[in-house]
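So you can see what is in the structure, the chains are spelled out below.
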Amino acid sequence: MSGFTNLNSSAGYSQNSTPNGGAAPPYQNGPVQTYPAMYPPAGYYGAPPQQQGYSTIPGHAAPAPNKAPVTNNAHSANYYHNNHQQQQNHLPQHRVAPSPYSAPLSSAPPSQPYAALPSAAPPPTNAHYNQQPFQPHPPYATPGSYYGQQSYHPSSARQHPSLVPVTASGPGAPLYPIVSYPSAPGSSQYGTLSSSQSTSAPVGMPTQMVGAPLHQYSAAPPPSTTAVQPGYGVGPPGQTAPTVVNGQGSAAQNAVHQHYTQSHQASLSYDSYSGVPPGSGGADTDQPPSGTPSTSVHSSPGHHQGGDTSSSTTGSASPVPNSYDSLEGGSYPDSMPPSNDMTNQAAPYGSYGYPSMQSAYQQGPASHTDASPSHDLYGQSGYQQYSQPFPNLSQLSAALGGLSGVPELEVEALRPVNLLQERNLLPPRPLEAPEPNVSSDLKKVNCSPQTFRCTLTSIPQTQALLNKARLPLGLLLHPFRDLQQLPVITSNTIVRCRSCRTYINPFVTFLDQRRWKCNLCYRVNDVPDEFMYNPVTRSYGEPHKRPEVQNATVEFIASSDYMLRPPQPAVYLFLLDVSHNAVEAGYLKYFCESLLENLTKLPGDVRTRVGFLTFDSTIHFYNLQEGLSQPQMLVVSDIDDVFIPSHDSLMVNLKESKELVKDLLTSLPEMFSQTRETHSALGPALQAAYKLMSPTGGRITVFQTQLPTLGVGALQAREDPNQRSSAKGVQHLGPATDFYKKLALDCSGQQIGVDLFLLSSQYADLASLACMSKYSAGSVFYYPSFHYIHNPAQLEKFQKDLERYLTRKIGFEAVMRIRCTKGLSIHTFHGNFFVRSTDLLSLANVNPDSAFAVQMSVEDSLADSSLACFQAALLYTSSRGKRRIRVHTLCLPVVNQLSDVYAGADVQAITCLLANMAIDRSVSSSLSDARDALVNAVVDLVSAYKSNVSNLQQSGLVVPASMRLFPLYILALLKQKALRTGTSTRLDERVFAMCEFKTQPLQQLMRLVHPDLYRLDNMSDQGALHLNDTVVPQPHLLHLSAERLSRDGAFLMDCSNVFYLWIGKCCNEMFIRDVLGCPNYASIPPNMVSDSKRCIYVSPSMSGNDRE
Amino acid sequence: MILLTMVARVADGLPLAASIQEDEQSGRDLQQYQSQAKQLCRKLNAQSPDRCTLETGDMNFHYLIAQGVCYLSLCEASFPKKMAFAYLEDLHNEFYDQYGRRVPTVTRPYSFIEFDTYIQKMKKSYVDSRARRNLGSINTELQDVQRIMVANIEEVLQRGEAISALDTKASNLSSLSKKYRSDAKYLNTRSTYAKVAAVAVFFITLIIYVRFWWL
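These numbers were taken from a predicted model, which means no experiment stands behind them.

Each value, and the rule that gives it
- Residues numbered from 1 in each chain as written.
- Chains lettered and ligands numbered in written order.
- Predicted model: local features only at pLDDT ≥ 70, side-chain atom pairs only at ≥ 80, totals over all residues.
- Heavy atoms only, no water.
- Helix = DSSP H or I, 4+ residues; strand = E, 2+ residues; numbered from the N terminus.
- Buried < 20%, exposed > 50% of the residue type's maximum accessible area, 1.4 Å probe, protein only.
- Contact = heavy atoms within 4.5 Å.
- Areas by Shrake-Rupley, 256 points an atom, 1.4 Å probe, with all protein chains shown as cover.
- Expected span 1.5 Å × (residues − 1).
- Pairing = 2+ DSSP bridges.
- Axes fitted to C-alpha atoms, helices over the stretch in contact; angles between N-to-C directions.
- Parallel < 35°, antiparallel > 145°, perpendicular 65-115°, else oblique.
- Nonpolar A, V, L, I, M, F, W, Y, C, P; charged D, E, K, R; others polar.
- Salt bridge = Lys/Arg side-chain N within 4 Å of Asp/Glu carboxyl O.

Q: Account for the overall build of chain B, naming residues and giving values.
A: When helices and strands are tallied, chain B shows 5 helices and 6 strands. Mapped in sequence order, the helices and strands of chain B form the string β-β-α-β-β-β-α-α-α-β-α. Looking at the 215 residues of chain B, the share that counts as buried comes to 43%. Sequence separation of 24 or more characterises 67% of the internal contacts of chain B that already satisfy a separation of 6 or more. For chain B, the accessible area works out to roughly 12,300 Å², and carbon and sulfur atoms hold 57% of it.

Here is the structure:
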């Protein structure tokens, strides 16, 4: 195994702790540096699948490949087994692996005593509390109340250690073997270490590290601490956890300091994660074996800057002094200087006499038998219940989890599927996100999977379990999605946890009327007076009925504490390429038309400002000052030292200068029709735009049609057309110059977002140009071979995109922070943004079409809670000048069984996350690496599943049903433009596809990766949806295979941004006539573009296929 | 040069409108002034003087309170005071016309941010030296600027703190005296007990002595 050759973990750490964050150039943290950092984990676990190199991957798929590895004790997949066997006096392996069907049950045992009890006869302790007079009160389920309780008194958990499923190492082991694995992760880690040394059979060579699983690389610039976790190769949990904890703590404090030196002198430590919870390290978390790693990282000066590494953002922190990071973290309202108590001081919490209401709301619904005991018990206002002898909290939670779930579903998700035998894997309808296995109350309020999705809907309790599952843990977010209905809350005090600044959400616990417990850090907070009043029902004393606690997605109107400056107006600057090339392509006319049409629909209010800048080899400004009779053009030809010719008349109020703007848009296409200027000074034009926008911030929209050739930021053609189809590595995926990145970071600091429309027929080095959008949270659009006559399809797409682009919602000066339950930590971010201070994403602009992904690791055992929560908070200024906070909260169960982890795996989310990781990998390392890593991800899963969960000794490729589409999706991924080799792919198109992968939301991405294919000509009303008066037939999904196509059919393929309609030669003529309006097959025009929201191609080559 | 303008409700310091700084040499860090302005708005109350100039470094805050609304501007020290107050007066007239009645009801910060457009325009006309001459002649008799109080921003901002410090000290003192009182009581009782005990011991000894030795 390759991993064992690199056991020098100390070397790895010393590398990590070097301050490599801040000023590192983009990809400095490439393979060479990160790999050593990865070695320590790899040593335990990391590189298993590639032990024989990827050339032998097929061999893995062969029946029972992991039998051999077991013997040499070096295989990662079997690592825990080996280890365990050693400790357990070599239990036979088959005893260790339970059958998948028994697995769900095994989580239930602790619950059985309670599960079996009918609600009429609760256990004695419950009975005591159930007979409270409050019971008749309207039952109200406090979501997650039991959950919060459990961890509140960890001491009680410690009193009954034997009841905790996880710690049941003694008697529990024989019965539920898997349960006992996590019970001693630390020891097992070291056990393996020694064993690996003794088994001197390092088959692998260090060079094979290239094939290591994707998860490990994750482009981990943030010094090591984070890099270590992503992979399956995590070191001893205790060792990594404090490292990052310290790192985060220092970063957070640093940020706070930065802020308060500038504005308020409030004190706070808003990062709750900096504190290791007392007692949270249950029986199964080892203390860090040595304190050195944590201290070294902690002291490394660059560490907090290293945080901004993430996938797409490396590099120096923005030079502009900013304190936006503290904004979303917010300042404590009452930590302002003592005398300013006017608006935001938390009022003294007087006592309100609602004794009879004290606990009513804590009671679960009567029908909810399993939950009610805990609710009742903890619903009491007093504290005495904590001292009651009561079944262990974890046990209770297990009972809840075991009962509230839908066991049949789980069993179905775990059904082993032999991919070599089953052919029809696709479900009849597009795949839905798996439902998290939480109680129905929580399910009802949980965040929509379209907004917030986790790769594993059952969070593994420990990193060891996660490693064993060999699936990546991460979140996919679409935070600014267009929503149909969104509760907007205006209140003076936004209720947040005082230690971790979590916003109050449906999953917190109300201990009594006056206090609530945070579900992320478990701190008990006071309920402010204002929160007692419910504006919706106009009633008092029901904090649990507030909309914040009833909805997982809410929006707050922020108070002035969340503003560093008055909310900015909507400001739009259009930067237009008017060189000869651009005029040839002819986009200008269509842009002007589109903007003219949508001028009134631009999001904004009376303050909205617009400006225009055109450039070829010079830069042209347009004075649109109100009162002028016609627009004035000002030409600046000094592109080496750009200056702004006039200060207050270039960005003008749209309302006041509307006529002038219209004038300009009408005359602009004509103005340059005769130009002979072929050069393009994009760099200087961007600098001018930056200067123009920096006082206010806003959005710059760049239209570019060729390679920039003049001034700063000039680029050379780097692509060798002969290498387009080479199967070897693809060069030049990274930027050629850091000019665009630096500019983007400057822009981000001034709250300017840059969006790029590239309409180039030739190579324009998108890899470099895209940086201007990547780091300023912009978006990239690319129209290869755009021409207004020769390529009507692209023109159509351009127009549609532009319309959507101009009219879609926009948020300015935004920041986003993602918080998660204590014990989990986020280490890598994917998407377009700049990471400020470890976990704060700075988004100069936020738009509803962009999505984000993050990777996480389990740092601390989650044994003391049964639920894990994630909260994404997006603070932004709306186009109408309102500061708002959009908060999404997702709640997922924590499981300690490998089978449960597989049952909850979300194959689509996993595919998307892996795609993101692969993109990073192909840029930082090489394309072939990324491809190998993807393949390895599948191989890992299959072997891990086979050795750990499936007890069927059948041969073939066996995967759990929940993951049955995984190999298919990965294969599809490998055929994408971004990742394919061997087929001729233009570099720009490849880079653009990569950008898409990083920013598209999951639904789009999945259709891009694996399009939906339907047969259209024989649709029936069977199973059709009835929406209002219309019947929407629901055709079955078809496999993407030629055998599904037939000559007499018509098929529709939905690839997210394009529809393909395939008409067979013998297709029903009536269908052709009715649908396409052509009398027969022969008269269908060869290249037909339909005017719909998305383009429909009838590809001549495809229909031509049929003629063969 | 007017750098910053802010309109706030006096009752609770809620910002109503503001003009974002539009300064070509934005190297100047206005962030600090921005937060000072916010604090200032919170400090002001109905008892504060109607017009006041606060010095902070080489800048001056001028403010005007009228009809429960505070108009605050940050100007360079060299900017004529008369102009500054004429500017604020202008803002007040327009603002009161447009939003005056809605001021007490709003809860959201920067509810009237749209007023920014007007502020920008006014600012431009006051900063522009040519236009200034005309305005200046109109507004000569507008007010007697000499009477306007001048204070230092630090004093204003820290006045509240001094009072609250006094308050804490006083409450400390009172709690200490309470403690002293209870301690004294405790001591008293203890000494009483001691006395009683001594007497009791004496008598018991006496009784024992009488019981066993005398008889």
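Q: Requested: an account of helix α2 (residues 81-99) of chain B, with residues and values cited.
A: With 19 residues, α2(B) should reach 27 Å at 1.5 Å per residue; the first-to-last C-alpha distance of 26 Å fits that figure. Within the span of α2(B), buried status applies to Met83(B), Ala84(B), Phe85(B), Ala86(B), Tyr87(B), Leu88(B), Glu89(B), Leu91(B), His92(B), Phe95(B) and Tyr99(B).

Q: An account of the sheet that holds strand β7 (residues 515-517) of chain A is requested, with residue identities and associated values reported.
A: Residues and elements named next belong to chain A. The 3 strands are arranged β6-β7-β8 in an open sheet whose pairing can be described as antiparallel. Whereas interior strands pair on both sides, the edge strands pair on one side only; in this sheet they are β6 (509-512) and β8 (524-526). Neighbour to neighbour, the strand axes of the sheet diverge by 35° on average, direction disregarded. Relative to β7, β6 runs antiparallel, the two being bridged by 3 bridges. Bridge pairing in β7 places Phe-510 opposite Trp-516.

Q: Now, about the environment of Leu588(A): what can you tell me, with residues and values included?
A: Residues and elements named next belong to chain A. Mapped onto the elements, Leu-588 comes out in helix α28 (residues 587-598). With relative accessibility at 8%, the residue Leu-588 sits in the buried group. Considering only alpha carbons, one finds Leu-588 and Leu-576, 12 residues apart in sequence, at a separation of 7.9 Å. Each residue touching Leu-588, except ones within four places of it in the same chain, is listed here: Leu-576, Val-578, Leu-668 and Pro-669.

Q: Lay out the packing of helix α37 (residues 927-948) of chain A against helix α38 (residues 966-974) of chain A in plain terms, naming residues and giving numbers.
A: Residues and elements named next belong to chain A. At their nearest, the axes of α37 and α38 sit 10 Å apart, and the two run at 175° to each other. On the basis of the axis angle, α37 is roughly antiparallel to α38. Taken together, the residues of α38 that come into contact with α37 (itself represented by Arg-931, Leu-934, Val-935, Ala-937, Val-938 and Leu-941) are Phe-966, Pro-967, Ile-970, Leu-973 and Leu-974. In the contact of α37 with α38, the residues fall into 10 nonpolar, no polar and 1 charged.

Q: Any chance you could break down the pattern of salt bridges for me, citing the residues and the numbers?
A: For the structure on display, the rule yields 30 salt bridges over all chains. With a closest N to O distance of 3.3 Å, Arg607(A) and Asp116(B) form a salt bridge. Taken together, the residues span two chains, with Arg607(A) in the loop between α28 and β13 (609-615) and Asp116(B) in helix α3 (residues 116-127). Among the charged side chains, a salt-bridge network with shared partners connects Asp482(A), Arg804(A), Arg808(A) and Asp849(A).

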